[in-house]
Amino acid sequence: MKLLAILLAAAAALALSPGRASAVTVDEACARFASKLQVAVAAGNSAEAQTIYSEGSQLIASHFSGATCPNVKAP
């Protein structure tokens, strides 16, 4: 859960860094978000999945001007 927040924050920081040739796009961030959520769901950890979804959605929105990940559904 904390790892996801750190990873998403790092990805967002890279995306927001000026002059970076390899900035993370919202699609890449959403793919990482979906992957982390899928791992928690597959492990049967519904509390962690809920936390990942909540925190991940907030981070994506805050770092990508209110963007959402339409392919990532709430667990």
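For the structure, check the block above.
Let me begin by describing the structure that accompanies this report. (Residues numbered from 1 in each chain as written. Predicted model: local features only at pLDDT ≥ 70, side-chain atom pairs only at ≥ 80, totals over all residues. Heavy atoms only, no water.)

A few words now on the state of the cysteines. For the structure shown, the criterion picks out one disulfide. Disulfide pairing is shown between Cys30 and Cys69; the S-S distance is 1.9 Å. Because the torsion about its S-S bond is -80°, the bridge between Cys30 and Cys69 counts as left-handed. Highlighted residues: Cys30 in helix α2 (residues 26–42) and Cys69 in the segment after α3 (46–63), separated in sequence by 39 residues. Each member of the pair, Cys30 as well as Cys69, carries the same accessibility label: buried. (Disulfide = S-S within 2.5 Å. Helix = DSSP H or I, 4+ residues; strand = E, 2+ residues; numbered from the N terminus. Buried < 20%, exposed > 50% of the residue type's maximum accessible area, 1.4 Å probe, protein only.)

With that settled, consider the nonpolar core. Val24, Ala29, Cys30, Phe33, Leu37, Ala40, Ala49, Ile52, Ile60, Phe64, Cys69 and Val72 together form the largest nonpolar core, which totals twelve residues. Those elements that place two or more of their residues in this core are α2 and α3. At five residues, the largest contribution of residues to this core is made by α2. Those residues within four positions of Phe33 in sequence are excluded, and the remaining contacts are Ile52, Tyr53, Gly56, Ser57, Ile60, Cys69 and Val72. (Core = buried A, V, L, I, M, F, W, Y, C linked by side-chain atoms within 4.5 Å. Contact = heavy atoms within 4.5 Å.)

Bringing α3 into the picture now. Relative to the 26 Å expected for 18 residues at 1.5 Å per residue, α3 spans 25 Å between its end C-alpha atoms, a close match to the ideal helical length. Those residues of α3 lying buried are Ala49, Ile52, Gly56, Leu59 and Ile60. All buried residues of α3 project into a common sector of 105° when viewed along the axis, lining one side. When the buried face of α3 is taken as reference, the exposed residues oriented beyond 90 degrees from it are Ser46, Ala47, Gln58 and Ser62. (Expected span 1.5 Å × (residues − 1). Arc of directions from axis to C-beta.)

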